[in-house]
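So the chains spell out like this:
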Amino acid sequence: MIWPTIFLGLTLQVLLVFGARYPKNLHIWPMPESVEYGNKTIFLSKDFQLKTDGSKYADASGILKDGFTRLLDVITASNVIESNFSKVDESVLLQGVHVIVLSKDDELQYGVDESYELSIHPKGKPIYANIKAATVYGALHALQTFSQLCHFNLKRRKLEVSQIPWTITDRPRFAFRGLLIDTSRHYQPLPMIKKVIDSMAYAKLNVLHWHIVDTQSFPLEIPSYPKLWDGAYSLSERYTVAVAADIVNYAQRRGINVLAELDVPGHAKSWGMGYPSLWPSKDCQEPLDISNAFTFKLIDGVLSDFSKIFKYKFVHLGGDEVDTSCWSSTPHIKEWLKQQGLNASQAYEYFVLNAQKIALSHGYEIINWEETFNNFGSKLDKKTVVHNWLGSGVAERVVAAGLRCIVSNQDAWYLDHLSTTWQEFYTNEPLTNITNPTQQKLVIGGEVCMWGEHIDGSDIEQTIWPRAAAAAERLWTHPDKLAKTPKDVTSRLSHFRCLLNQRGVAAAPLDGPGRVAPIEPGSCYTQ
């Protein structure tokens, strides 16, 4: 620990260790790697401030300053703070947060160090909460944790931090902790996407998987091929390049990468609204016409435009649910397949591998849905990450083959499956049956998926939360600190759900699956 634990013998010190029973009065989500706390209380000064002296990070882009401003917004929770501190001893006033960031760089990329240490030890004057982090993104996580230690005391009309002294050491278990949103089945307005990003930060999720386009619509502007967004539902249900860049920037300033998906060759009927030659025929419109050189030229142009907006090292190329019957039944494609000596399944492989080569040429590493691995795994580029979604047993086969994997098995981590309970989200383990340490490292993380067939701006938040938070702890918290049963975390997750509500996030009650309504009148903490 950087800051020594004080007041030993004067306060009740609790250290969370393997096998320890979760204290009922500890309400941090997700659970940190190590926590020590006491039983004293301190009030926040009315002049609560950010200090950064001693930090190597200059914060030229204002990421840390903005994070501190957001902290003040969420901890006040629109309450009116009384300014009369004349009767409060300065020795019990917390003057601010002192943040030391060890890296000068604020580039956000896969594998960035997100660890931090947070300490509140009332020794000497003035008293500060101390944060030490390897990067500014670790510092943002520390501020999120600190925000959960703060409470508004309605009797005193003041903000307080209870259970001091605190010493927290924390780091994520997995580098990839994702949430998918789908803007093809239903358009999501920009303010709602930003609200989702904010709520992801509260739960320490760090990848927004943006499933932008699909069969139903193509809402994104592509400058190289401007007719593509003719496939949007309407003129108003579109995202300009500037909006997409704004989403990426907004997420980055909260420590969240944006993973863009271009699902090919299937799930692409909407592309042909602007460029009909991409369809095999007017009557058979999916998958994209493999025999047309323009198809791959257009994919190259799209990924070139992507590379100017989406800076995450990965791009998602889909590759799932490809029905090749259009290729087999369309005369000119059937003739092309014959000339190339390919059957339909070989053509599927040919298309996916060509798309991979194009993505690699633009500096991306590739994520593909698991069907590509199930059908021709040995042929995939070694930089491929296989995205498991169909069921169990896939991840262990992927890592045994030496490829990386992301877990999103639909039986446990699909948010649109409203019958799946938060308990099932919590107990879903990405490393099931993977015991080899080298292979375990190839599971880079997991993702909960908010598919949009029945989701729009009216119900997305309550469908995501609180079940996504249950998965978020599984992905953040180290195994020996995870609860043995969901029952052990019910109270803590309930508090987090109520905290989301207080912050303006429409998180549904825990008492039931999916996006249930409250059953009856009662406290937020008992629903």
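None of the values given here were measured: they were computed from a predicted structure. (Residues numbered from 1 in each chain as written. Predicted model: local features only at pLDDT ≥ 70, side-chain atom pairs only at ≥ 80, totals over all residues. Heavy atoms only, no water.)

### Some remarks on the overall build of the protein chain
A count of helices and strands for the protein chain gives 16 helices and 17 strands. In terms of C-alpha radius of gyration, the protein chain reaches 25 Å, essentially the compact-globule figure of 24 Å for 527 residues. Buried residues in the protein chain amount to 59% of all 527 residues. Taking the contacts inside the protein chain whose residues are at least 6 apart along the sequence as the reference set, 75% of them involve residues at least 24 apart. As presented, the protein chain carries roughly 21,000 Å² of accessible surface, and 52% of it is formed by carbon and sulfur atoms. Side chains of the protein chain carry 52 positive and 56 negative charges; the gap between the two charge centres is 7 Å. (Helix = DSSP H or I, 4+ residues; strand = E, 2+ residues; numbered from the N terminus. Rg over C-alpha atoms; globule rule 2.2 N^0.38 Å. Buried < 20%, exposed > 50% of the residue type's maximum accessible area, 1.4 Å probe, protein only. Contact = heavy atoms within 4.5 Å. Areas by Shrake-Rupley, 256 points an atom, 1.4 Å probe, with all protein chains shown as cover. Lys, Arg positive; Asp, Glu negative; His and termini not counted. Charge placed at Lys NZ, Arg CZ, Asp CG, Glu CD.)

### Regarding the packing of helix α1 (residues 63-76) against helix α2 (residues 136-149)
Two numbers describe a pair of packed helices, the interaxial angle and the distance between the axes. Direction vectors running N to C along α1 and α2 enclose 10°, while the axes themselves pass 10 Å from each other. The orientation of α1 relative to α2 falls into the category roughly parallel. Contacts between α1 and α2 involve Ile 63, Leu 64, Gly 67, Phe 68, Arg 70, Leu 71, Val 74 and Ile 75 from the first element and Val 136, Tyr 137, Ala 139, Leu 140, Leu 143, Phe 146 and Ser 147 from the second. Broken down by class, the residue content of the contact of α1 with α2 amounts to 12 nonpolar, 2 polar and 1 charged. (Axes fitted to C-alpha atoms, helices over the stretch in contact; angles between N-to-C directions. Parallel < 35°, antiparallel > 145°, perpendicular 65-115°, else oblique. Nonpolar A, V, L, I, M, F, W, Y, C, P; charged D, E, K, R; others polar.)

### Here we look at the confidence of the model for the protein chain
The share of residues in the protein chain with pLDDT of 70 or more is 93%, and the mean pLDDT across the chain is 93. Below pLDDT 50 for its whole length, residues 1-22 participates in 63 contacts with residues either more than four positions away or in separate chains. (pLDDT = per-residue confidence, 0-100.)

### Focus on helix α16 (residues 490-502)
Between its terminal C-alpha atoms α16 stretches 18 Å, which fits the 18 Å expected from 13 residues at 1.5 Å a residue. Three or more residues of α16 are buried, namely Arg 492, Leu 493, Ser 494, Phe 496, Arg 497, Cys 498, Leu 499 and Leu 500. Residues of α16 that are buried in the fold lie against α2, α3 (190-202), α12 (422-427) and α15 (467-476). (Expected span 1.5 Å × (residues − 1).)

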